[in-house]
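Remarks on the overall topology
Each chain, written out:
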Amino acid sequence: MKHPSHRALIVVDVQNDFCEGGSLAVRGGAAVAGAVTTLMDEYPMVVATRDYHIDPGDHFSETPDFVDSWPPHCVVHTDGVGFHPKVDVDRFAEVFSKGAYSAAYSGFEGATAEGVGLAQWLREHHITDVDVVGLAADYCVAATALDAVDAGFKARVLLNYTAAISPTTWAQAEERFREVGVQVDGDLLYTGSPVE
Ligand SMILES: [Zn+2]
């Protein structure tokens, strides 16, 4: 079944560094990458976001707290910044890069190579509803879904196609979803700590 043309799939940060073997791996990341690809055919429009760091300041730390600071990840020109090999990148109509010089959790902070932001791009393509999937559920997926509602889109997080880092931050994200009206659908694939 194909979704209507006003609904887009936003694939958030399914990148090597966020999957097993990466520098900031989320448990279940590779499984999410495979699952997301099976979902793409149902959507007339699929876009992706990616963490794309050059020098993001205190977003990186040698002694990260895994709340506001993190081990270096998704650095431009490294393998870690690439999309996971299970992701069918040919299906992406556009890629929005974020976080070059500062932390950026939401895909709505991202832009195309030409500098077009995600909200503007979606509006130009007559998108009114977005389904959000990818990594990680409690950080960049949550921030993207919340910003989508803020920008006037109807947003839904598909829990079978994402994975969370921590039960605590995931509970906080769910609370915010209820407050602003982000819909959730399915069961969270995995809730675990970052892979060592
Ligand atoms: Zn980052």
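Everything in this summary refers to the structure shown in the same document. (Residues numbered from 1 in each chain as written. Predicted model: local features only at pLDDT ≥ 70, side-chain atom pairs only at ≥ 80, totals over all residues. Heavy atoms only, no water.)

**Side note on the coordination of the zinc ion**
Ideal values differ by geometry: the angle at a metal is 109.5 degrees with four tetrahedral donors, but 90 or 180 degrees with six octahedral donors. For the zinc ion, the protein coordination sphere consists of Asp-51 (OD), His-53 (NE2), His-59 (NE2) and His-73 (NE2), at 2.1 Å. Here the zinc ion binds four donor atoms, and the angle range of 89 to 166 degrees at the metal identifies the geometry as irregular. The sequence pattern describing where the donors of the zinc ion fall on their chain is D-x1-H-x5-H-x13-H. You can see His-59 sitting in the loop between strand 2 (45-51) and strand 3 (94-98) and its partner His-73 sitting in the loop between strand 2 and strand 3, a full 14 residues away along the chain. For His-59, a relative accessible area of 4% translates into the label buried. Since its relative accessible area comes to 1%, His-73 is described here as buried. (Donors = N, O, S within 2.8 Å, 3.2 Å for Na, K, Ca; no water. Tetrahedral: all angles 85-135°; square planar, octahedral: opposite > 155°, others 65-115°. Helix = DSSP H or I, 4+ residues; strand = E, 2+ residues; numbered from the N terminus. Buried < 20%, exposed > 50% of the residue type's maximum accessible area, 1.4 Å probe, protein only.)

**Digging into the pattern of salt bridges**
Two side chains bearing opposite charge may form a pair once their charged atoms approach each other closely. Taken as a whole and assessed by the stated rule, the structure comprises eight salt bridges. Arg-7 is the salt-bridge partner of Asp-131, the closest N and O atoms lying 3.1 Å from each other. Placement of the pair is Asp-131 in strand 4 (residues 129-135) and Arg-7 in strand 1 (residues 7-12), with a sequence separation of 124 residues. By relative accessible area, Arg-7 is classed as buried at 15%. Between Asp-51 and Lys-98 there is a salt bridge, and its shortest N-O distance comes to 3.1 Å. Of this pair, Asp-51 sits in strand 2 while Lys-98 sits in strand 3; the two residues are 47 residues apart in sequence, bridging distant segments of the chain. (Salt bridge = Lys/Arg side-chain N within 4 Å of Asp/Glu carboxyl O.)

**Things to note about the nonpolar core**
Counting residues in each nonpolar core, the largest one holds 30 residues, and the members touching the most others are Ile-10, Phe-108, Leu-122, Val-130, Val-157 and Phe-177. Looking at this core element by element, the count peaks at seven residues for helix 3 (residues 137-150). Ranked by size, the runner-up nonpolar core spans 28 residues in total, among them Leu-24, Val-46, Val-81 and Ala-163. (Core = buried A, V, L, I, M, F, W, Y, C linked by side-chain atoms within 4.5 Å.)

**Here we look at the environment of Val-132**
Along the chain, Val-132 falls in strand 4. Placed 51 residues apart in sequence, Val-132 and Gln-183 show a C-alpha to C-alpha distance of 10 Å.

**Comments concerning the environment of Gly-29**
Position of Gly-29 among the secondary structure elements: in helix 1 (residues 29-39). For Gly-29, a relative accessible area of 0% translates into the label buried. Measuring from C-alpha to C-alpha, the distance between Gly-29 and Lys-2 comes to 25 Å, with 27 residues separating the pair along the chain. Every residue in contact with Gly-29, bar those within four places of it in the chain, is listed here: Phe-18, Cys-19, Glu-20 and Leu-135. (Contact = heavy atoms within 4.5 Å.)

**Considerations on unusual backbone geometry**
Excluding glycine, a negative phi dihedral is what most residues carry, and trans is how most peptide bonds are arranged. With an omega of -20 degrees, the peptide bond between Leu-135 and Ala-136 qualifies as cis. For Asp-13, which is not glycine, the phi dihedral falls at a positive 50 degrees. The buried category is assigned to Asp-13, whose relative accessible area is 0%. A positive phi is found at His-126, a non-glycine position, where the angle reads about 60 degrees. Taking the relative accessible area as the measure of exposure, His-126 reaches 63% and is therefore exposed.

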